[in-house]
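Results of the structural survey
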Amino acid sequence: MIRPCIAVWLLLAASAAAQTIGGISGRIVDTQSGKPVAGAAIVAASPSMPGEESSRSDTEGEFEIGLLPPGIYTLNVQAEAHQSFTQDGLAVHAGRTIRVYLSIDPEKAIGAPFRFAQEPPVLPATSAQTGAVISREQLELVPYGRDQRSFEAAAASAPGVVPRPPGLEILGSPASGTRYRIDGLDVTDPASDRQGRRLVQQFIQEVNVESAALGASYGRVAGGVVQAITRSGGNEVHGSAFLDWMPIELPRRTLRYNLAGGAELGGPLARNSLWFYGGFAPVLMATRSGVLTEYQYIGKLTWRPAQGQLLSLAAITDDFSLHYLGDVLDRTAQVEAVTGWHRQGADADSVQARVQVAHLAELFGRHRFAWGAEGVRDSAANSSRWYGGAFAEDTWSPVQNLFLDGGVRLERDDLIGKTDFLPRVGVAWDFSGRGVSRAYAFVGRFFESPELASQRRTREHQLAAGVQSQIFRDVVAGLDYVHKDFRDAPDGRTSYDGATLSLAKPFSASSLLQASYTLSSLDGPRTLAADAPNVIKLDAAYAYEWDARTTATLGTSFRVIQGSPWQATMDVRAGVVRALTNPYVLTVTADVLNLFDRERGGTPPLAGRFSAKLSF
C-alpha cells in the first residue's frame, strides 16, 4: 500500500545533482527455511557518522537505509525468534547504494553471532549509473597531481576520463560538459565552464567520478561529474601536519619549485552529536617570473540534533555551504537539501541550493520515488543568468534482483531562453542474486550549461550498456560500452563510441588495483585533436608490514594515451609509515613524476617530490 506524502519546498537548487551520500539496501531471510524475515531491526553505524541510522525489514524481508555519509559501516541485525548478528566492512560511497543479502539463524540454531561477508558488495547493483571512486587510501598510496596534489588530478584515473586542457573529458564529451563539485556545491567557474576551485588531497575523504547513465536528478551536464567529499570530524580527535616539496625538475630549464604545507584537525565537540573539522594549507608555485601563492582552508561543523537528522555547515576557501539530511513526515520521506555560494575570483560567483526528496512504496513490487526542484544564479562581470530545473524518477523492482529506473527532467536556462525536456531510462539486473554483479542498459538526453559569454551548448544523446561482476571477493571485472551523439559541440564532434575493459580492487589485504583499457572512436567533420582511440591506465599499490611499527609502501600510476603524438607516462611513489610514540605516526614519501622523461604532447619533464606527514 502506498502511503501518500505531500511536501512543499520553496528552495532554489544547485546544478548537477550529484549526491553526497549513499545507502545500504538488502534482504533478510531465515537460514534454515529460506523464507523472508519480516520486522527485523537493522542498525547501521560508522565512524564517519554521528549516532546511528536504522530501518526495519518489510514482509518480503526487504530493507533500505539511506542518507549515509561515505564510510565503512557495520550492520547489526536483530529479529524476534532469531539470533542477532553483526555484519562488518560495508563500504558506502557518495551517490551509490550497495545491496546485501543476509541470512539470520533461528534462535535455537547453533550459529556464530559475528560474521564476515566472503564477498563484501562494492557494486551499485541497483543502478545503471557508472563511474569510479578514488578512496582516501588510494590518494595516499598513488601519486596524483604534479604542481599541486588537488582532488581533480585523481579523477584522471577513472576509466574513460582523458585530461585535455583546459579540463577533463569524460567518455568523449567536451571538457566544458564536466562539472566539478565539493561536498555537493558546484565549484565550476560560471564564466568559463572550467574547474573553479582546487583543494589539496589531504582534506579529501574520497573523489567520485560519475561518468555515464546519469539519472534524471543530474542537470547542466553533458559529460560527467567530478566530486570531492571532504573529511569530517569524529568521536576521536585526529589531525596531521604535512609538507609537499618539489625541488627537482630535470632538465632544469628555469628556476622552479612547488611547495605546499599545512595542518588539519578534527574531533568531537559533543560525542555522537556535534563534530568539527578544520584545515589550512598555503600552496606556492615559484618560477623566475614570480611566485603564485594560494591559501586554501576548510572549516566544517557536523551536527546531529536528533535521530535521522544531520546538518553540516562548511567554509572551503571562498565557498560556503549548508547541507541537510533528514527523515521527515514520520520517516516516510528522506530529504537531501544543499544551499551555498561559490565565489570565483573578484567578479564572478554562483548562488545555489537544491532539494531532493525520496519515498519508498509498494505497488506491484517495490518503488523508490524521487523528485526535486533546482535552480542557480550565476554572475560574472556584467553578465548573469538564472537556471531552474525539476525532475521526477522512479526506481521500480517488480521482481527480486531486477531494477527499472525511469525519469524526466525539465530545465530552464534564461541565457538560452528555452525549456528542455530530458527523458532518461535505465535497467539493472543483479544476475548473481547476491549484490555482487549487474548487467545494465541506459538511454538518455543531456544538455551542458554554456559559459556566460556564450549561448552555445553541447547537446548529447547517450546509450550505455555493460556487465560487471565481483569475480573474486572485492575484485570487480567489467565490460562497458557507451555511444553518444553530439550537437553543437565546440569542436564540431558529432559522435563517440567507446568500449572499456576494466579490473578494479579497492584497498584491502594490503593492496589496491585499478586498471582499464578503452577502445574508442570520436567522429566529426575533420580529424579531432581530442580523439584518443586507445587509452591504457594502471594504478596499483602495495603496503608491506616490515615490522610491528613500520610499513613500506609502493604505488604507481601508468598511462598510455594515443593521440598526436602518443603519450606514455609513469609516476611512482615509495613511502615508509612509522609508528612513533602513541598516538603519533610519521609518513615519508618520495615521488618520481614522468619516470620515462618523455615530453611529447606537452608532458612536463622528469621531476621529484618529497612529502612528510605527522598524524595522530
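Scroll up a little and you will see the structure.
Residues numbered from 1 in each chain as written. Predicted model: local features only at pLDDT ≥ 70, side-chain atom pairs only at ≥ 80, totals over all residues. Heavy atoms only, no water.

Relative to the elements of secondary structure, S127 occurs in the loop between β8 (114-115) and β9 (130-135). Look at S127 and you get partly exposed, because its relative accessible area is 25%. Spatially, the C-alpha atom of S127 lies 20 Å from that of L102, the residues being 25 residues apart in sequence. S127 has contacts with A428 and R438, leaving out every residue within four places of it along the chain. (Helix = DSSP H or I, 4+ residues; strand = E, 2+ residues; numbered from the N terminus. Buried < 20%, exposed > 50% of the residue type's maximum accessible area, 1.4 Å probe, protein only. Contact = heavy atoms within 4.5 Å.)

A word on the pairing of strand β19 (residues 290-306). Regular strands place their side chains on alternate faces of the sheet. Of the pairings in the sheet, the one linking strand β18 (residues 274-287) to β19 comprises 14 bridges and is antiparallel in character. The partner of P282 across the bridge, within β19, is Y295. Note: β19 against strand β20 (residues 309-316), seven bridges, orientation antiparallel. For L301, the partnering residue across the bridge sits in β20 and is L313. In this antiparallel pair of consecutive strands, β19 and β20, the connection spans two residues, and G308 shows a positive phi of 80°. (Pairing = 2+ DSSP bridges.)

P165 connects to P166 through a cis peptide bond whose omega is 15°. Of note, P166 is situated in the loop between β10 (161-164) and β11 (167-170). For R220, which is not glycine, the phi torsion reads 60° and is therefore positive. R220 sits in the buried class, given a relative accessible area of 3%. Its identity as a non-glycine residue notwithstanding, T317 has a phi of 50°, on the positive side. As for its placement among the helices and strands, T317 is situated in the loop between β20 and β21 (319-328). Residue class for T317 comes out buried when judged on its relative accessible area of 6%.

The strand order across the open sheet built from five strands is β9-β14-β15-β12-β13, with neighbouring strands paired in mixed fashion. Edge positions in the sheet fall to β9 and β13 (185-186), since each has one partner strand and no second.

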